[in-house]
Structure formats: structure tokens, C-alpha cells
Amino acid sequence: MESALYGPDGFYVRSADGPGGHFRTSVHASPLFADAVLRLIERIDATLGRPARFDIVDVGAGRGELLTELRSRLDERFRCIAVELAPSPDGLDCGIVWRRDVPDGIVGLLLATEWLDNVPLDVVELDENCNLRRVLVDPATGAETLGDGLDADETQWLARWWPGPIGDAAKVAEHGSVVEDHAARGDLPIGERAEIGWVRDRAWADVLSRIRRGAALAVDYGHLRDERPMFGTLTGFRGGRQLPAVPDGSRDVTAHVAMDALAAAGGRPYQLVHQRTALRALGISGGRPPLEQARTDPLGYVRALSTAAAAAELLEPAGLGGHWWLLHGIGIEVRGIIET
């Protein structure tokens, strides 16, 4: 996964049109998403006492679309920094700093919009003997085989964060005692899989450590402990189509984020809500304009109707609105910022 996404011929390094050419994120869906982020920045800025410099750091910035939109609406007090492994795109606003690593001493807001789902992870499968084994894959064909067992960090993470037979097998491996005998009951789900998220937890904790004062926001699709999918979520995307997760560099390879584990790994106060809740708290309603406006101001009505349709896409529970927003405060109180 690491090589397929970020190696010399990796998907995110060689794709000229960036993520926006292959799948639709909230950033690409509508400028309304930038509107909401701008309101979030304004609230954090006020909480910080309007510092002389406010950093906006976008980790996994794609082609800089979100920062370009924000930059056009903010004054020079706000410093925009894109963190991305791919080279900076042609025509990028000269006021946006482009770099490969997250800077230290951030005062302001760090953004990670659909970054963590692309932080590489390993997949584990439950074999016929109730053992957890790493899933290996041929990068050219996608053919899968079962490899060796797990290390202590991986086993510990599964025992804490993945319920059911996977978590039970991890507890057996960790403590040497059977927690629940699924095999004796005849309900052992051979082939059940889990995606080991501790590397993502570690990556998130690391970027939080770079913030001196302010907040960090992760926006991603994910799940909570009691809703983990039995066979995982690993998949591929290219050109707007969902494809098998063949790690050959020709497509995105992604898996949902264990959001509760991520929140705990941050080690700081946080808010965790669905995108539809956060956007409504930040002024994105999706309400249709009154029909009377069509008679008195037809052009304005059409514009308002278009805005409502764009908002509806961002708020749709089965789509982008079902994404999670995880907001951590570093040296500030974030309670209530993205909740109504």
C-alpha cells in the first residue's frame, strides 16, 4: 500500500490531475465546504485571541484546492501551508507554502481531509485455526495469500478496538487465555478480516504534537467499535469507479478509519460528530428557498436552489454527510465549536 500510493510510481505521486480526477471529496463537491471551514477558522481564531499569525496547515492537500479557496478569502495574517508528497501544481498561489512534512510550532488549524484513509495499514484475516494472520498481496495481480502472525502492537490494538472473533483471537494471542470460544459454538467466521489502525493512530498523534496552540480537524469516512465491518473496507478507486484494491500504483487504495481509536490516540479533548452535524453547526443548512422568491427574484431563486442542492450533497447521510469530523483542541477548548 505504501509503495502503491507514495512510491516513485505511486498513485498520489504520478497522478497529474490529483485525487479530484478520480473521486469526489467534500472539497471538490462544493465551495460550501470551504465556507464551513472558514467559519471554523474564524471561531478558532477568536478563541486564540486573534494571534499575529494564524497557520492553516492542510495535510494531504491534493492539488491545493481547499487552501486556494481559503487563501482567496483571508488576509496576510493567515499563513497557508500545504503538506503533500506530490510536486506543487502549476499555477499555485504564490502565497501557499508547499512542503513534504508537517511543520513544528503550529498556531492555528491543522486540516486532514480524507488523508488518514490513505495512511497505509495491514489487513489481518482469521484462519481455520482461529489464528490471526497478515494478508499478503501480489502488487501486480492483486492475488492474496495469508502470511505470518502479528506483532505485539498490532495484537494489542485489535484486542482493544476490534470486537467479536477478531478481538477475541487477539486477546488470546495477547494474554494466552480464551476469552470466548466461538469454535465450540460452531459460529467461527473463517475469513473475517480487520484493518489494523494503530499506524494511523500514531500518525495522527504525531501531527497533533506539531501544534503549539490551536486545533486539528480530521474529516474522513470511518466507523466506531461496535460497527466494525466483518470483512473490512479495503477498496480501490480510479476515474470515479470503485475497483479491487490492487496495489499496482494505477489506483487509489483506501480503507475506512477507526475514528474512536483515532480520537483516543490524540490524547486531548475532542469532538467527534458526523459531517452533517458539523456543517449545520457551521451554517450549511441545505434548506430550499421559498417558492415566493421564484416570483419576486427568479435569478436569485435559481442561485439559492443550486446552493441548496450542493449543500444537500455535503449533508447526505448515506454519502458525504456520513463522514466523521474529529476536532482536537490543543491549548484551547473546542467543546461546542462543531456541535449544535
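Further up the page is the structure itself.
Criteria and cut-off values
Residues numbered from 1 in each chain as written. Predicted model: local features only at pLDDT ≥ 70, side-chain atom pairs only at ≥ 80, totals over all residues. Heavy atoms only, no water. Helix = DSSP H or I, 4+ residues; strand = E, 2+ residues; numbered from the N terminus. Buried < 20%, exposed > 50% of the residue type's maximum accessible area, 1.4 Å probe, protein only. Contact = heavy atoms within 4.5 Å. Polar contact = N/O pair within 3.5 Å; in protein donor to acceptor, adjacent residues only side chain to side chain. Core = buried A, V, L, I, M, F, W, Y, C linked by side-chain atoms within 4.5 Å. Salt bridge = Lys/Arg side-chain N within 4 Å of Asp/Glu carboxyl O. Pairing = 2+ DSSP bridges. Axes fitted to C-alpha atoms, helices over the stretch in contact; angles between N-to-C directions. 1 Å grid on protein atoms, 1.4 Å probe; cavity = no way out; pocket = protein on both sides within 12 Å on 5 of 7 lines; lining within 4 Å. Points joined across faces, edges and corners; volume = space filled by probe spheres on them. Nonpolar A, V, L, I, M, F, W, Y, C, P; charged D, E, K, R; others polar. Phe/Tyr/Trp six-rings, centres within 6.5 Å; stacked < 30°, edge-to-face > 60°. Lys NZ or Arg CZ within 6 Å of the ring centre and 35° of its normal.

(A) Seen up close, the environment of His328. On the secondary structure map, His328 appears in strand S16 (residues 324–330). With relative accessibility at 0%, the residue His328 sits in the buried group. As a C-alpha pair, His328 and Gln271 span 57 residues in sequence and 6.7 Å in three-dimensional space. Residues in contact with His328, not counting those within four places in the same chain, are Trp204, Leu208, Gly214, Ala215, Ala216, Leu262, Ala263, Gly266, Arg268, Pro269, Tyr270 and Val334. At a separation of 3.4 Å, a polar atom in the side chain of His328 contacts the side chain of Trp204.

(B) Examining the nonpolar core more closely. Among the nonpolar cores identified, the biggest contains 47 residues, and Leu40, Ile44, Ile56, Leu70, Leu109, Trp325 and Ile338 are the most heavily contacted of them. Contacts of Leu109, omitting those with residues within four sequence positions, involve Leu40, Ile41, Ile44, Phe54, Asp55, Ile56, Val57, Ala215, Ala216 and Leu217.

(C) Representation of the pattern of salt bridges within the structure. Counted under the stated rule, the structure contains 20 salt bridges. Here Glu154 ties to Arg134 by a salt bridge, and the two come within 2.8 Å at their closest N and O atoms. In this pair, Glu154 sits in helix H6 (residues 152–161) while Arg134 sits in strand S6 (residues 132–137), placing the two residues 20 residues apart along the sequence. The exposure classification of Glu154 matches that of Arg134, with both residues buried. Within the structure, one salt-bridge network assembled from shared partners comprises Asp122, Arg134, Asp148 and Glu154.

(D) Region of the structure containing the sheet that holds strand S9 (residues 211–220). Strand order in the open sheet formed by seven strands is S3-S2-S1-S4-S9-S16-S15, and the pairing between neighbours is mixed. In this open sheet, the two edge strands, each paired with only one partner strand, are strand S3 (96–99) and strand S15 (270–274). Shown here is a sheet whose adjacent strand axes are inclined to one another by a mean of 15°, direction ignored. Here strand S2 (residues 78–83) pairs with S3 via four bridges, running parallel. Bridging across to S3, Ile81 finds its partner in Val97.

(E) Up close: the pairing of strand S11 (residues 235–238). Pairing of S11 with strand S13 (residues 252–254) involves three bridges; the strand directions are antiparallel. Bridge pairing in S13 links Phe237 to Asp252. Sheet topology note: the S11/strand S12 (residues 241–243) ladder contains three bridges and is antiparallel. In the sheet register, Gly236 faces S12, and the bridge partner there is Leu243.

(F) How the structure looks around the side chain of Ser26. Examined against the element boundaries, Ser26 turns out to sit in helix H3 (residues 26–29). Looking at Ser26, its side chain comes within polar contact range of the side chain of Gln275, at 3.1 Å. Apart from residues no more than four positions distant in its own chain, Ser26 is found in contact with Phe33, Glu114, Gln275, Leu314 and Leu320.

(G) Just empty space enclosed by the protein, in detail. Under the defined criterion, the tally for this structure stands at one cavity of 30 Å³ or more. Quantified by volume, the largest cavity comes out at close to 60 Å³. As for the largest cavity, its lining consists of Leu121, Trp157, Trp162, Glu195, Gly197, Arg200, Asp201, His223, His256, Val257 and Ala258. Those elements that place two or more of their residues in the lining of the largest cavity are helix H9 (198–208) and strand S14 (257–258). Within the lining of the largest cavity, the residues separate by chemical class into five nonpolar, three polar and three charged.

(H) Seen up close, the packing of aromatic side chains. As enumerated under the stated definition, the model contains five aromatic pairs in all. With a centroid separation of 5.3 Å and 50° between ring planes, the pair formed by Phe54 and Phe78 is classed as tilted. In this pair, Phe54 sits in strand S1 (residues 54–59) while Phe78 sits in strand S2, placing the two residues 24 residues apart along the sequence. Phe54 gets classed as buried once you look at its relative accessible area, which sits at 0%. With a relative accessible area of 7%, Phe78 lands in the buried category. Residues Trp157 and Trp162 carry aromatic rings whose centres are separated by 6.4 Å and whose planes lie at 45° to one another, so their mutual orientation is tilted. The pair formed by Trp157 and Trp162 is uniform in burial state, with each residue classed as buried. Every member of this aromatic cluster is reached through a ring pair, and the members are Tyr6, Phe11 and Tyr12. The residue whose ring lies beneath Arg228 is Trp162, and the NZ or CZ to ring-centre distance is 5.7 Å.

(I) The environment of Glu42, seen in detail. Tracing the chain through its elements places Glu42 in helix H4 (residues 31–47). With relative accessibility at 46%, the residue Glu42 sits in the partly exposed group. For Glu42 and Glu154, which are 112 residues apart along the polypeptide, the C-alpha to C-alpha distance reads 39 Å.

In short, shape yes, function no, at least from these values alone.
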